[in-house]
Amino acid sequence: MGTARKLKKEVLDKGRCTGCGFCVDFCPYFKVVDERIGLIHFCGLQEGICYDVCPRTPTDLPRLDQGLFGRERRDPFLGDYLFFFYARAKEEEIRKKGQYGGVVSALALTALETGKVEGVVLTGGEKASFPTPFFARGKEEILAGSSSKYSAAPTLAAFHTARREGFTKIAVVGRPCQVTALRKWQVSEKETSPEAATELLVIGLFCFWALAPEFYRFLVTKVPPEAVLKLDVSETAMVATTKKGEILIPLAEIRRFIRPACEECFDPTAELSDVAVGATEFDPGWNTLLVRTRQGKELVRKALKKGLLELKSPLPQKVVALRQAALQKKRRVALALAQEGGAYLAPSQRYLAQVLAGEVDQHGLLAYGSS
Amino acid sequence: MGFLPTVALDQPGKKVFLSGNEAFARGALEAGVAYATSYPGSPTAEVLEILSALAKTFNFYVEWSVNEKVAMEGAAAASFAGLRSLVVMKCDGLNVAFDFLTSLALAGTKGGMVILVGDDPGAHSSAKEEDSRYLGKLAHIPVLEPADPQEAKEAMVAAFELSEFLRQPVMLRSVTRVCHAGGDVALSKLQRINRLPFLDREERFITWIEFHATAETKIAQAAAWGENTPLNTYVGPERTKWLLITEGPCFYYAREAVVLLGWEEKVGILKLGMVWPLPEEFLKKHLMHAEKVIFGEEVEPFTEENVKALVAQYGKQMGFINFYGKKSGHVAGPAGPGLGEMNPDIIMQALKRIEEEEQGLPVPQEREESLVAPGELPNRELAFCPGCPHRASFWALKGALELDGRGGFVLGDIGCYTLGKGRTGYNLLQTMHAMGSGAGLACGFGQLSRFGFNQPVVAVGGDSTFYHAIIPALVNAKYNQADFLLVILDNETTAMTGHQPHPGTGLRATGEGAEKIALEEIVAGLKIPLFISDPYAVDETRAIIFRLLQEKGPRVLILRRTCALIAAKTKKPRVYVDPARCLGDACGCARFCSRVFACPANIWDEEKGKAVIDEVICNGCGVCASLCPQRAIVVEEAVLVS
């Protein structure tokens, strides 16, 4: 265990904070304003859960994999999963409000309406300014939280609020770093107070980067925030949709706002979630859906049964492309972290070797270099 | 005339119990004061409060002025028009008014004008212990100093008479112990002076170099007056070798020490009721026989220096005298020469030491334990009152600065929030000087970015302080575009000195209504970006401050919440800890409420290992409830207090 002071020194002061928000409001000492998280006072405690659960403190991946999937991951690039689908919400209303196929909303709604959870931790708010984390307890609220945000909302702060209000069955829609924090916390909570364990359903989001708070200051210079109906990212530009049309901001201008912590992220596809949802990168009407755990499978089954979701098979070449993208990111990060010697991850040697030496062949499968 | 408080009884000869401050007010009534002004400051803040309550009945004018300089200028104007006027302030206030005073003393006055200055030896309710006697001397005006409430009244009347005789303002210096002590005061007749204020077109009050000589002449006249005033006294044997020269409350400490030692026949005590200029003949008469002269005075060795100079002046007549005081270290304050208050113990030990030295006995290096004072009193930490909005403001400020992370800092000012220098304000204040100096310093820091300075600068100051001295700094900030955030800690009163009204309260000294001069209107008039927040809403306030730290140029945030001591008089919700929800040390908050936020009402039950609220002192603000991570603190619906 580490102290809050250590967390500040190793993560916050080094710009490694992902902005996940788990430490925020967990105690009175971590606070957030406009996506800047800070330790406002040293609590003085010799050991803190804050240090344990931070996604950028040492993380024992094999152990987390083992706990969640009962085995070491079979797919070194996308993490363990049971099914790879394309999916979309069946209801047009949900699809319209969603970023792509509305799958997150449909699944969240399924979890709520089947009584699996009492509410869903989401982010809402204006499209072109700091999103607001909140705890959605009805369909309206869930739909208010739909569509992508491109900055690091401290969503998990709302998870704590929900727990404090006495909720014990909670779904969280979160970025990969947030999923990691939740899983680390589950391990530590099981150790400290097994009787109080929260029933947690984790809907992970694909995420290759999030933008720093300064991004919104920049965005204001391009488009009035209140006019933005939707933000999206294409291969070359950020697209702000307004009533009057689309405003394109070249990605080159956006990239400088990527949080440093995201450059160190090893997990673009929320590998520790129950289900992970992302874009298809070619069809805005559909999502990629990775069903990872048994709990995730059950959720998708219920969504289909309720008629909230429809599925289809993915395009093989797009699966390959996703694997390739994940591998590239992992390799970059693995190399950088190895150089720094301050790796927060503790992957197995075998796994690291796979990432550093492996290739993705045309079938999207792992192949080793000829040497 | 309806019911009159004791201080205003029209019963000459009757003895009543009055505090020193009441006695000063009584003295002003007996002298027929027509015009009284003040800016509140301890230890003399009550004087104008007492006069305010009597102003209507006795038909004189009172005013809480926005600072001591305008207060003194107003009083001077009344004097120029022939009225008797009084201006009351603390020592720090005299510095504010001093530019005017040094001019006034050359230009002279007409109606009796008294400047009552409260010094605070030991700084009980001040930031520093300044000795105003030097300022009186520097300004060429007489300085009187009473020793008890009876003398406070007598000295006030005498000061008016002397002032009118000299056509010069007279300073009345008092210290905390005299202002706040109580004693029997024999009343004299209440004087009504009905003068028609008038400034003759031939009369001039002009400060000019040639009047320096006039001022010196007046001081010489004052010295002559001092030879006969009953304020200067001597008790003891006719011709004594041991002469203790004292003034103010030190007279009583000296007498107590001499009596306890049984040295009444050995030591004579000379008390100066007029400390400047010196009554030379009166002093010479007693110095002539003295071989040992001991000084009992508070703070600086003012009289010691003046008497030594006098002895040097008349060396031949004086003979050889040994001096014992602050300079020799014999009569040092508890923390050293020139520091702190005197007491009988110090004087007694000084006398014993002088005796031992004379007999060639070894002198103990350490001061003995107290011979007369009771045992140690428990220490009480300086802290904001329970529910004080400043505590919440400082917590929000600290959070915002930490979140910002660029090493931003806070410049302090004078008011309750001065305590922010300590633990109760999370040690945030890094500078603290005079009224308005926080904003003034911020003007300087706010220009340093051109040299690569990147730290956010925050100045805090209170509402009353804003009207007093922050406005010029803010105008300067706007004019020169200084980069800083001014946080006005607006508790809607002058809290530190006892809730006196100010221009923002909509009330005047006598309680009659005045048109409010809102802080925000002044700031808006300067076209400086302005925000207002409730400090009790800590999260929102922290966010606002954080965002304002990112901006450039001057910015103002008003944190507005009525002083908890006033608010609790009308509405006081019950706040308590739900023991079922408080997790104690298992929480992980590390006793946030009682240890870190540290409102005096947040305490820790060692036996149960849980937080509790001391409901006796809690003012019901509920801020701790909003900060408890377990939401274990419950705020009940507010109950109206009748």
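Only a predicted model underlies this, so the values are computations on that prediction, with no experimental measurement involved. All residue numbers refer to position in the chain's written sequence, counted from 1. Chain letters and ligand numbers both follow the written order, the letters beginning at A and the numbers at 1. Where local features are concerned, this predicted model is filtered to residues with pLDDT of at least 70; where side-chain atom pairs are given and counted, the filter is 80 or more; whole-chain, interface and lining totals use all residues. Excluded from the side-chain calculation are hydrogens and water; included are all heavy atoms of the structure.

**Considering the packing of helix α5 (residues 103–113) of chain A against helix α11 (residues 294–305) of chain A**
The description of two packed helices rests on the angle between their axes and on the distance between the axes. Residue and element names in this part refer to chain A. To get an axis, a line is fitted to the C-alpha atoms, and for a helix only the part in contact is used. The angle between two axes follows their N-to-C directions and goes from 0 to 180 degrees. Secondary structure is summarised from DSSP: a helix means a run of H or I of at least four residues, a strand means a run of E of at least two, and numbering begins at the N terminus for each. The N-to-C vectors of α5 and α11 enclose an angle of 90°; their axes lie 9 Å apart at closest approach. Compared by their axis directions, α5 and α11 come out roughly perpendicular. The segment α5 lies against α11, with L107, T110 and A111 engaging L299, V300, K302 and A303. Under the convention adopted here, Pro, Cys and the residues Ala, Val, Leu, Ile, Met, Phe, Trp and Tyr are nonpolar, Asp, Glu, Lys and Arg are charged, and Gly plus all remaining residues are polar. The class makeup of the residues in the contact of α5 with α11 is 5 nonpolar, 1 polar and 1 charged. Note on terminology: angles under 35 degrees are roughly parallel, angles over 145 are roughly antiparallel, angles of 65 to 115 are roughly perpendicular, and the others are oblique. Working rule for contacts: check all heavy atoms of both residues, and any pair within 4.5 Å makes them a contact.

**Notes on the environment of B:R167**
Residues and elements named next belong to chain B. Within the fold, R167 resides in the loop between α6 (149–166) and β7 (170–175). Sequence separation of R167 and A105 is 62 residues, and the distance between their C-alpha atoms is 9.3 Å. If near-sequence neighbours (up to four positions away) are discounted, R167 is found in contact with G108, T109, K110, E203 and K218.

**Examining the packing of aromatic side chains**
Aromatic rings considered in pairs are described by the distance between their centres and by the relative angle of their planes. Two rings from Phe, Tyr or Trp (for Trp, the six-membered ring) form a pair when their centres sit within 6.5 Å of each other. Planes less than 30 degrees apart are called stacked, planes more than 60 degrees apart edge-to-face, and all others tilted. Counted under the stated rule, the structure contains 28 aromatic pairs over all chains. Ring plane angle 40° and centroid distance 5.0 Å describe the contact between A:F218 and A:F257, whose orientation is recorded as tilted. Here A:F257 lies in the loop between α10 (251–255) and β11 (275–279) and A:F218 lies in helix α9 (residues 214–220), a separation of 39 residues in the sequence. For the pair A:F218 and A:F257, a shared accessibility class is recorded, and that class is buried. A network of ring pairs unites the aromatic residues A:Y29, B:W395, B:Y426, B:F592 and B:F597 as a single cluster. A ring is considered to have a charge above it if a Lys NZ or an Arg CZ atom is located within 6 Å of its centre and within 35 degrees of its normal. Geometry around A:W286 places A:K312 over its ring, the cationic atom sitting 4.2 Å from the centre. Here the basic side chain of B:K137 rests over the ring of B:W276, its NZ or CZ set 4.7 Å away from the ring centre. Between buried and exposed lies partly exposed: a residue is buried under 20% and exposed over 50% of the maximum accessible area for its type, with that area taken using a 1.4 Å probe on protein chains only.

**Thoughts on the nonpolar core**
Definition used in this section: a nonpolar core is a set of buried Ala, Val, Leu, Ile, Met, Phe, Trp, Tyr and Cys residues joined via side-chain atoms within 4.5 Å. By size, the foremost hydrophobic cluster in this structure holds 72 residues, and its most contacted members are A:F30, B:W395, B:V458, B:V460, B:F597 and B:I633. It is helix α14 (residues 389–404) of chain B that contributes the most residues to this core, 8 residues altogether. Apart from residues lying up to four places away in sequence, A:F30 is in contact with A:A4, A:L7, A:L12, A:C23, A:V24, A:D25, A:G38, A:L39 and A:C50. Counting residues in hydrophobic clusters, the runner-up holds 47 residues, among them B:A31, B:F60, B:V88 and B:L144.

**Points about the sheet that holds strand β9 (residues 237–242) of chain A**
All names here are of chain A. Pairing in this open sheet of 3 strands is antiparallel, and the strands run β8-β9-β10 from one edge to the other. The open sheet has two edge strands, β8 (228–233) and β10 (245–250), and neither has a second partner. Across the sheet, the axes of successive neighbouring strands diverge by a mean angle of 20°, strand direction being ignored. Criterion used throughout: strands pair if DSSP finds at least two bridges between them.

**Observations concerning the sheet that holds strand β15 (residues 409–411) of chain B**
Residue and element names in this part refer to chain B. One open sheet holds the 6 strands; their spatial order is β16-β15-β17-β18-β20-β19, and the pairing between them is parallel. Strands at the two margins of the open sheet, each flanked by one partner only, are β16 (429–431) and β19 (530–533). Each strand axis lies, on average, 30° off the axis of its neighbour in the sheet, ignoring direction. Bridge count for β15 against β16 is 2 bridges, and the pairing is parallel. Bridge assignment links L411 to a residue of β16, and that residue is T431.

**Observations concerning helix α15 (residues 437–445) of chain B**
All names here are of chain B. If you check which residues of α15 are buried, you get G438, A439, A442 and C443. Angular distribution of buried residues about the axis of α15 spans 145°; they occupy a single face of the element. Where α15 is buried, its residues contact β15, β17 (457–462), α16 (463–480) and β18 (484–490). In this description, the arc belongs to the directions extending from the helix axis to the C-beta atoms.

**Points about the interface of chain A and chain B**
The interface of chain A with chain B comprises 18 residues on the first partner and 24 residues on the second. Accessible-area loss on putting two parts together, using a 1.4 Å probe and summing over both, is the definition of buried area adopted here. Around 1,800 Å² of area is buried between chain A and chain B when both sides are counted, 57% of it from carbon and sulfur atoms. When residues of chain A are sorted by the area they lose upon contact with chain B, A:V33, A:I40 and A:R164 head the list and together hold 32% of the total. Salt bridge, as used here: a side-chain nitrogen of Lys or Arg that lies within 4 Å of a carboxyl oxygen of Asp or Glu. Applying the counting criterion to the chain A and chain B interface returns 2 salt bridges. Here A:R217 makes a salt bridge to B:E551, at a shortest N to O gap of 3.6 Å. Elements represented by at least two residues in the side of chain A that touches chain B include exactly β1 (30–33) and β2 (36–39) of chain A. With 4 residues, the top contributor of residues to the side of chain A that touches chain B is β2(A).

**Topic: a nonpolar patch on the surface**
Like charges within 9 Å and nonpolar side chains (Val, Leu, Ile, Met, Phe, Trp, Tyr) within 5 Å are joined into patches, using only residues over 30% in relative accessible area that form no salt bridge. Here, Shrake-Rupley sampling with a 1.4 Å probe gives the accessible areas, and only protein chains in the shown set may cover a residue. Together, B:I206, B:W208 and B:I209 give the surface a local cluster of nonpolar side chains, amounting to about 350 Å² of exposed area. With respect to the element layout, B:I209 can be found in the loop between β8 (182–186) and α8 (211–226).

**Points about the pairing of β1(A)**
Residue and element names in this part refer to chain A. Two elements, β1 and β2, share 4 bridges in a ladder whose sense is antiparallel. Paired with V33 across the bridge in β2 is R36. Counted along the chain from β1 to the antiparallel partner β2, the turn is 2 residues long, and its residue D34 has a positive phi close to 50°.

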